[in-house]
Number of protein chains: 4
Amino acid sequence: MSSLTLNGIVVDDTFAEAFGMAATAIVVTAATRRWAEIAAASFTGFATSVIGCGVEAGIDRMVLPDETPDGRPGLRILLFGFDHEGLSRQLVRRVGQCILTSPSSACYAGAAGRTRLKMGGSVRHFGDGHEVAKRYGERRFWRVPVMDGEFVCEHETGLVEGAVGGGNLLFLGREDAGILAVAEVAAEAAAAVDDAILPFPGGIVRSGSKVGGRSGGIVASTNDAYCPTLKGRPGSALSREIGSVLEIVIDGLSSTAVSAAMRAALHAATSVGAAQGLLRVTAGNYGGRLGKFQFHLKDLLA
Amino acid sequence: MSSLTLNGIVVDDTFAEAFGMAATAIVVTAATRRWAEIAAASFTGFATSVIGCGVEAGIDRMVLPDETPDGRPGLRILLFGFDHEGLSRQLVRRVGQCILTSPSSACYAGAAGRTRLKMGGSVRHFGDGHEVAKRYGERRFWRVPVMDGEFVCEHETGLVEGAVGGGNLLFLGREDAGILAVAEVAAEAAAAVDDAILPFPGGIVRSGSKVGGRSGGIVASTNDAYCPTLKGRPGSALSREIGSVLEIVIDGLSSTAVSAAMRAALHAATSVGAAQGLLRVTAGNYGGRLGKFQFHLKDLLA
Amino acid sequence: MSSLTLNGIVVDDTFAEAFGMAATAIVVTAATRRWAEIAAASFTGFATSVIGCGVEAGIDRMVLPDETPDGRPGLRILLFGFDHEGLSRQLVRRVGQCILTSPSSACYAGAAGRTRLKMGGSVRHFGDGHEVAKRYGERRFWRVPVMDGEFVCEHETGLVEGAVGGGNLLFLGREDAGILAVAEVAAEAAAAVDDAILPFPGGIVRSGSKVGGRSGGIVASTNDAYCPTLKGRPGSALSREIGSVLEIVIDGLSSTAVSAAMRAALHAATSVGAAQGLLRVTAGNYGGRLGKFQFHLKDLLA
Amino acid sequence: MSSLTLNGIVVDDTFAEAFGMAATAIVVTAATRRWAEIAAASFTGFATSVIGCGVEAGIDRMVLPDETPDGRPGLRILLFGFDHEGLSRQLVRRVGQCILTSPSSACYAGAAGRTRLKMGGSVRHFGDGHEVAKRYGERRFWRVPVMDGEFVCEHETGLVEGAVGGGNLLFLGREDAGILAVAEVAAEAAAAVDDAILPFPGGIVRSGSKVGGRSGGIVASTNDAYCPTLKGRPGSALSREIGSVLEIVIDGLSSTAVSAAMRAALHAATSVGAAQGLLRVTAGNYGGRLGKFQFHLKDLLA
């Protein structure tokens, strides 16, 4: 593989392979910013990988009071699933478990899209017939009686077409702590891009995986080519001086968003990398055989 | 219902009805406190109610470096499920999705108990045969190669017998913001008790529920007796001056822990309540028909 | 005083009276966002009022890696003082105590302006002759040897002409907790405006003051007209139903910034206010006798 | 200097030299934990070194509702100064600027001691004659009217005899990020010890200093012996493989507290150090000529 350079750091001339996903977005508001954050943290927990958690989710951005339907502080959350049905099921369940339950919260559509996902339309049944429908222009809401007043929940939100899951970058360097600092900076830069989230804890994955494994029946197993403790073995992709590798994974509502987030992360990481022992940046792919999208690192250098 | 008084606040002479649950505990460590917190937040997300999330989970307490097997900062997490099997499934899945993936983390048993729940014993298969078994005295661990070194995960943790889910208190008062401040103080006091967690967002629930609903086929629906917007109707438990109600729900590894947490919360809430418009404290039960445990508020006054 | 209405809340037809101040800005960076925040929290502590603390300071906004001179995560901090000399003294002292000391940090100019304030130009002496000057184009920096490498500090930053201190709004309502929630939302909306900060704890003041006092020699004392416990007395500005008052105070690099922040806060507060017992919004002034700037609330309604 | 070993890490057989200081403590409470934290963060900001800030301060520990005079969540803050007078001045000023001003807060004595420091006794004058004295048993309080009710402030707190400032440890290792992770773990372990605080940002200092400098008139300058960029020069204390050094500084209400905090930090740091490139731990002293206290590392190994 030939290689490129950015800010003095080696960048492989390769690509991240990513997948088409079903996606949607909601806006959670509450009486104070802090309570919107608490509800959103519960909602986006255990949502690192769609295979294991049923959904990938994260906070996209802060929504200021003047942008929310109720004039309160809010957060926009993105959700990604395999398909409409799975996404719908996770959306309703997580709104019911984590937003409906949380003091003072309300929940609104965060995405347009002709295909609709029921939200308040399902959760309203918690009201046991006491819920009340509201309509403002085109938008429909439910007011469900709860112990601190009413849970206001929009009837539905929109399915986003063309969403992408699995944009990624791998950071290879000398030592754990330095590479973690690099990955933190990269994850923050990517997360600041609108319409993109990083579903793993703190935005970072350290358990890169390959499809399948040596024993049959396993879906995914450790990406031994990138494990420093397996460096001596055949098939290792790591040169002698690499002591640690971390990955960031990016899901976006569009390929443009994923590309912008990868670019921001790549530039941020290479800017700070020299002082932290970053030696090389690469990306994960399956030879182009599995995913619909390819994000070539050489296109992100400028 | 007769009533009692604590710190000048009315306390109903009633009880919280709670249930036997299967429980376990783990200790998550990482290179820094902050990364242990990030992994634990992901692990304990979407875990408010076992019916909707498959598990109830929360952070029990900080574990200082000198208490952890690897001398690093840690957090103890408690998990509660219906039974051994369901708990086991959630444990393995959440360790795999939220701890294995998180930079620098390790995962250890957090509870003794003769019945064992596999943890590293399952997650180790991610190592694709490169994982290595370790034994220290009675304890068995797996070292699974990952990109930042090795994920150390204890082979199994213990099932806690006699765990209790659903300890609770309801705070009734004049206005939302005051009752939220009271519930925050109560939740903090309860969370400080060892072996007890509060699984809902920020420890607080505002969507109290009753079993079933008016239309068939619904598992639970809003507890209309405690909804301020339904105050005029027959069956309301709220007097005219009540404008807001919030609940805290407590799960504990023993009835002693739940009782101690409820006591701490009751005393804290009534101490600060007068200034915040708290008018009454009560607890939720099903007439003693469903749950194995009864926590009588009159026993918690001293 | 005649009154206006916004989102159904009474707004006094009055003005906030504010003062000309000397101001400057810096950008603090660090290896990770978290360490930039830790340094900035130390730097901006004990900086609520220029009379008591020598300076008013706060975090203006997050600076992303691609905006900082070193490509690392940063925060922009604003400082306000009475005059060039006092501001300069506080700047150098706080950089030396709170940024120079903090792991991995660097410190850059955050404001242009023909008049210059020495920063690295003073702090460099800590290097004891080992410090090295650097120049990039027009900008000069010092590299001061410290134990984790070098502290990079820009030679000087700029004095901002036309800065304004003391923009303010007062929120009057029924109960403490509700008014605190309103003030939190207002403070957040104001803080989101660029070039403006709120120097008090969490952006909010509860100890409104008047100039002087009944006994001689006191600079400022409680604004008894707005104290709910003194409501019955002559001179009270509070009607019977007011139980709590909180204020936000805004400093900005320009009157435009202060005005924008007050507008954002006013709209956010009145949007959420009805549900929280907000009854009236007003502003503090000295009859126009002391301050150079007047921000009339009627100009902020649209 | 001969050397010792702990957890496989070299520990110099040396001592930390520390100083007698005047100290006191307060307990800040608020309606919620979060607002106690906000007030305490403001109060303890710009308090890293008594020479530059007039005081050293930090949060000692969380105080649960059942331990505070008003049954609300609280935090205990420690303050250290050169002498009674300087400490007193900083105490009153910081209470007035950062606690009096902060919504819902109250302020209580946090230390006994026959010598008393006025607190409410001074701040009460803000009440302009409307303040009211209260007495509970031996303790005297002031209720000062403010806009959200009353600021309750205890009349005085106690001066702690035998307080110690300047306990310290230095961590020497290969790379910045690894040593920062080690220092974070050490700082957390030390901060968990009661009656001890770490006044620098995040508990850590990277600008170690020596007394005086090469040019006259400078109080302190960089400790060139521990600067990695000056490693080649005569007088360097760093061997070739050391790339980064960080220090933690500990102030305590007693030498016992400082010693316990240093021990906890030393054990935590060496436990996690091997994986983070920690090569050596040492401590700072002036040959025993300046400070009254010596904390020998060899006494902390067990």
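Residues numbered from 1 in each chain as written. Chains lettered and ligands numbered in written order. Predicted model: local features only at pLDDT ≥ 70, side-chain atom pairs only at ≥ 80, totals over all residues. Heavy atoms only, no water.

1. Side note on the packing of helix α5 (residues 176-191) of chain A against helix α6 (residues 255-273) of chain A
Residue and element names in this part refer to chain A. As a reminder of what qualifies: Throughout, an axis means a line fitted to C-alpha atoms (over the contacting stretch in the case of helices), and angles, computed between N-to-C directions, take values from 0 to 180 degrees. Helix and strand definitions here come from DSSP, where helices need a minimum of 4 consecutive H or I residues and strands a minimum of 2 consecutive E residues; each element is numbered from the N-terminal end. The hand of a helix crossing depends on one turn: near helix anticlockwise from the far one by less than a right angle means left-handed, and clockwise means right-handed. Any pair of residues with heavy atoms lying within 4.5 Å of one another is described as a contacting pair. Residues were grouped as follows: Ala, Val, Leu, Ile, Met, Phe, Trp, Tyr, Cys and Pro as nonpolar; Asp, Glu, Lys and Arg as charged; and all remaining residues, including Gly, as polar.
Remark: α5 packs on α6, axes separated minimally by 7 Å, with the N-to-C direction vectors making an angle of 150°. α6 is crossed by α5, and the crossing has right-handed handedness. Of the residues in α6, those touching α5 at V182, V185, A186, A189 and A190 are A261, A264, A265, A268, A269, V272 and G273. Looking at the contact of α5 with α6 residue by residue, the class counts come to eleven nonpolar, one polar and no charged.

2. Observations concerning the interface of chain B and chain A
Convention followed: By buried area we mean the combined loss of accessible area, with a 1.4 Å probe, across both parts when two parts are placed together. What makes a salt bridge here is a side-chain nitrogen of Lys or Arg within 4 Å of a carboxyl oxygen of Asp or Glu, nothing more. N or O atoms closer than or at 3.5 Å make up a polar contact, with two conditions inside protein: a donor-capable atom paired with an acceptor-capable one, and, for residues adjacent in sequence, both atoms drawn from side chains.
Between chain B and chain A, the residue contacts involve 66 residues of the former and 66 residues of the latter. Counting each side, the surface lost to burial between chain B and chain A is near 5,400 Å², with a carbon and sulfur contribution of 59%. Per-residue buried area on chain B facing chain A is highest for B:F46, B:M147 and B:R206; these three make up 20% of the total on that side. Applying the counting rule to chain B against chain A returns six salt bridges. Between B:R206 and A:D148 there is a salt bridge, and its shortest N-O distance comes to 3.0 Å. Across the contact surface, chain B and chain A share 33 residue pairs in polar contact (both at pLDDT 80 or more). Broken down by element, the side of chain B that touches chain A gets its largest block of residues, five residues, from helix α3 (residues 84-99) of chain B. Across the side of chain B that touches chain A, the residue classes break down as 27 nonpolar, 25 polar and 14 charged.

3. Describing the pairing of strand β5 (residues 74-81) of chain D
Residue and element names in this part refer to chain D. Selection rule: For the exposure calls, accessible area comes from a 1.4 Å probe over protein chains only, and a residue counts as buried if that area is under 20% of its type's maximum, exposed if over 50%, partly exposed in between. Two strands qualify as a pair provided DSSP detects at least 2 bridges between them.
In terms of burial, β5 is a largely internal element, eight of the eight residues being buried. Inspection of the sheet shows strand β3 (residues 15-29) paired to β5 by eight bridges, in the antiparallel sense. The residue bridging V28 from the neighbouring strand is L75, located in β5. Pairing of strand β4 (residues 56-63) with β5, which is carried by seven bridges, proceeds in the antiparallel orientation. From the neighbouring strand, M62 faces β5, where its bridge partner is L75.

4. Some details on the confidence of the model for chain A
Detailed reading of predicted coordinates is not advised where the pLDDT is low. Going by this rule: Confidence of the prediction at every residue is given by pLDDT, a number between 0 and 100.
The predicted model of chain A averages 96 in pLDDT, with 100% of residues at 70 or higher. Across the whole predicted complex the pTM is 0.95, and at the interface the ipTM reaches 0.97.

5. Considering the pattern of salt bridges
Per the stated rule, a full pass over the model turns up 56 salt bridges over all chains. With its nearest N and O atoms 2.9 Å apart, the salt bridge here joins A:R34 to B:E184. Residue A:R34 is found in helix α1 (residues 33-43), and its partner B:E184 is found in helix α5 (residues 176-191); the two belong to separate chains.

6. Points about the relation of the copies chain A and chain D
What connects the two chain copies is a rotation about an axis and a shift along it. Our working definition: The copies were overlaid by least squares, fitting only the C-alpha atoms of residues that reach a pLDDT of 70 or more in each copy.
Screw-axis analysis of chain A against chain D gives a translation of 0.0 Å along the axis, an RMSD of 0.0 Å, and a rotation angle of 180°. A rotation of that kind, with that shift, is consistent with a two-fold axis. Every residue of chain A has its C-alpha some distance from the rotation axis, and the shortest such distance is that of A:A177, at 2.5 Å. Interface residue correspondence from chain A to chain D reaches 100%, placing this contact among same-surface, isologous pairings.

7. A few points about the packing of helix α1 (residues 33-43) of chain B against α3(B)
A pair of packed helices is characterised by two quantities: the angle between their axes and the separation of those axes. All names here are of chain B. Cut-off, in case you're wondering: By definition in this entry, angles of less than 35 degrees are roughly parallel, angles greater than 145 are roughly antiparallel, angles of 65 to 115 are roughly perpendicular, and the rest are oblique.
Between α1 and α3, the least distance of the axes is 9 Å, while the angle of their chain directions is 135°. Between α1 and α3, the interaxial angle falls into the category oblique. With respect to the hand of their crossing, α1 and α3 are arranged in right-handed fashion. Of the residues in α3, those in contact with A39, S42 and F43 of α1 are L91, R94, V95, C98 and I99. By residue class, the composition of the contact of α1 with α3 is six nonpolar, one polar and one charged.

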